[in-house]
Amino acid sequence: MGVFEIAYNNFKSNLRIYTAFFIAMVFSVVVLTNFELLQYGDAIKVLQGENAKFTSAVLISVIVILSVFLFFFIWYATNIFLKNRSKEIGILSFMGLDLYTIGKIYFVESILIGITSCISGIIIGIITSRFFQTIIIKLSGFNIKVVSGVSVKAIISTIIIFMAIFTIMTIKGFITICRSSVINLINTSKKQEKIPKVGLGLYLLSVISLLILSYGYYKSLNIRTGNIFSVVPVIIIIIIGTYGLFKSVLPVIINHIMKNKKILFNGDNIIAINNINYRLNKNYKTYAIISIIITATISTLGAAVAFKKIQENAQMQRNIYTVSIVSSDKNEINKDDIENIIKETNKIKYEVNPKLLVLKNPDPKYIGDTEQVIMKYSDFENILNVNGNKKELEKYNKDLVTDNNVITLESPQTIMSFATKESKASINGQDYNITKGEVKIPVLGTGLSQSIIVVNDDVYSKLQDKGNIIYFYGAKVESENKSDKMFESLQAKLNLQNGYIMNGYKAQTESQWIKFAYAVLVFLFIVFAIVAGSIIYMKIYNDAYEDKEKYKTLIKIGTPENEINRAILKEVSIFYILPMISAGVSSYFALKLAGDLMMSNLFSIYILSMIICFLIFIIYGILSVNKFKKIIYENLNLNN
């Protein structure tokens, strides 16, 4: 019997054993296929301008992120698969097969699993692609008709990415087998690693780990330093601290619990606590990785909502005026002339016509930050009364600009900012207190891209002769969809030499790529949550086989079934709860960081993310407990 025939027979007979592994691989391919079909599909090709450019960039970024996640997911899954087959491989060696031949059998069998997973995943991906694309397109707000179709490029790209990763991991397994000894392979599933003693060294490491983690959290609260690269060190510090948490802090805590006899010998606690202690010491890296994945999962949904808020604000800013005209020449912004031109083809709903002061910025924070745009409060108040945002005046009232106090309006073009959040503004050599900063309400919309400082009228009058005046006209018209002729007339008759005209109606759809990013990130959140749950499920599945003999021994010496079941429940629950608690704390600071950068409050979405992850983990937990019991009680007669 040849290598391929043996591998093929193993593949057919063992399919039920590695069902979880097979399902995990198929799921990976389905997700990748859907994104590849979306990238190469006809739906996205019809987009124009900014939407086409940024949507393509979002899809490429997502596929890269997915590929990295798949790499680690497949690496972990193949390691579990190889470990579960180690005893079988050792027995084959005792039967006379050399390790090189056994390695080839493993390689062929694994490749058969990979090919079957790839084909199954692609077929399911193609079937579900229209539904997936419809949801993404609808959430993005694109007016695109989704048609059924299969892109050969998308299928080839999926096959190359998945099979390349899977083949690398299979070769790694082949090399592992060839370098192993027969005895080690047979005893792998029974091998019990010694639990290190909790001595001074581990206590010291736990203190250092807590200090590192605390420092990382502290730095995340002060991320706006003006340095775009300041985020990376904070992430690395928190990751190192998380590893230290599972390596030293939790074992120290559990060691103290084990010393408390009242807790340890209370019912079935001794079984569960000893197993938890052993598993944490043996698999701390796995649980640290899971915690990091959950943190990334929750942060993904937070980023998605932040992007949605950014898109809504961008839409609001662009939609506030159908036409915006800016010029440094007063004669070019003649309100009566502009009104007459607009009224030839349309009707005006509302209009604003403020003057703004431009001063040289004495303290530029970045390249291009050379000017300050100043607005007097009476114009600010009038604009909000006119453009439908009167309620905002309750929050931004006149008291905020008394004396040397000012309000700063954030540029409508700003998506995120690494600049230090300022509490003072220097205007013409004098410092002013910022009472409300980075305000993102629509005042002049996207007609003026700079940030604006709102001062009281007295201060404005004193500064008026210190700089240059620019003139702004903005109007909202009734029939925006019929405004093409109006813009043609404005361009021709005004013939601006010292300014420009902005078409707010045409610009309204240019920010929809941000909503597309939101839709994709929401989907990624679900994918990452399932991946995290799947990794824990596979780990517990593997642990159940390792613990099988121990539990059988406990049953044989008379341990009641209900105590065994409670011990299993506690053991399984704690391995979902510990990474969740760690990730819950880390993701709070991660979303605080993201909220600071994107100038949004993400606390409510943090709570929602935690609830969704918790519900997903409850489902996985129930499945894990049932599977654990099934493995323990398999072929066991409880009456004997």
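Here the residue numbering is sequential within each chain, running from 1 through the sequence in written order. Residue-level local features of this predicted model are given only where pLDDT is at least 70; pairs of side-chain atoms are given and counted only at 80 or more, and the full residue set underlies all totals for whole chains, interfaces and linings. Each side-chain value is worked out from all heavy atoms of the structure, with water and hydrogens disregarded.

Side note on the overall build of the protein chain
Counting secondary structure elements, the protein chain contains 19 helices and 10 strands. Per-residue accessibility, obtained with a 1.4 Å probe over protein chains only, is compared with the maximum for each type, and a residue is labelled buried under 20%, exposed over 50%, and partly exposed between these values. Taking all 640 residues of the protein chain together, the buried fraction comes to 52%. Restricting to contacts in the protein chain with at least 6 residues of sequence separation, those with at least 24 account for 86%. A run of DSSP states H or I qualifies as a helix once it reaches four residues; a run of E qualifies as a strand once it reaches two. Both are numbered from the N-terminal end. The contact rule is simple, with two residues in contact once any of their heavy atoms fall within 4.5 Å.

Comments concerning the pattern of salt bridges
A side-chain nitrogen of Lys or Arg and a carboxyl oxygen of Asp or Glu constitute a salt bridge if their distance falls within 4 Å. What the rule picks out here adds up to 4 salt bridges. Across the pair Glu351 and Lys335 runs a salt bridge, and its minimum N-O distance is 3.9 Å. Of this pair, Glu351 sits in strand β2 (residues 348–352) while Lys335 sits in helix α12 (residues 335–343), and the two are 16 residues apart along the sequence. As a salt-bridge pair, Glu480 and Lys476 come within 2.9 Å of each other at their nearest N and O atoms.

A short note on the confidence of the model for the protein chain
With 89% of its residues at a pLDDT of 70 or more, the protein chain shows a mean pLDDT of 83. Per-element confidence in the protein chain ranges from a low mean pLDDT of 57 for helix α7 (residues 182–187) to a high of 95 for helix α13 (residues 377–386). Note on scores: pLDDT gives the predictor's confidence for each residue, bounded by 0 and 100.

Considering the packing of helix α8 (residues 200–220) against helix α9 (residues 231–259)
Contact geometry for α8 and α9: axes closest at 7 Å, N-to-C directions at 140°. When the interaxial angle is binned, α8 and α9 end up oblique. Here α8 runs over α9; the crossing is left-handed. Looking at the contact of α8 with α9, its residues break down into 16 nonpolar, 10 polar and 2 charged. Each axis is a line fitted through C-alpha atoms, and for a helix only the stretch in contact is used; angles between axes span 0 to 180 degrees, taken between their N-to-C directions. To sort the angles, those under 35 degrees are grouped as roughly parallel, those over 145 as roughly antiparallel, those from 65 to 115 as roughly perpendicular, and the leftovers as oblique. By definition, any crossing whose near helix is turned counterclockwise from its far helix by less than a right angle is left-handed, and any crossing with a clockwise turn is right-handed. Asp, Glu, Lys and Arg are counted as charged, while Ala, Val, Leu, Ile, Met, Phe, Trp, Tyr, Cys and Pro are counted as nonpolar; the rest, among them Gly, fall into the polar class.

So, the pairing of strand β1 (residues 323–327)
For β1, the tally of buried residues reaches 5 of 5 residues, placing the bulk of the element in the interior. Across the two faces of β1 the burial is the same, with Val323, Ile325 and Ser327 and Ser324 and Val326 all buried. By the convention used here, strands pair only if DSSP detects at least 2 bridges between them. In the sheet, β1 pairs with strand β10 (residues 499–503) via 5 bridges, with the strands oriented antiparallel. Looking at the pairing, Val326 lines up with Tyr500 of β10.

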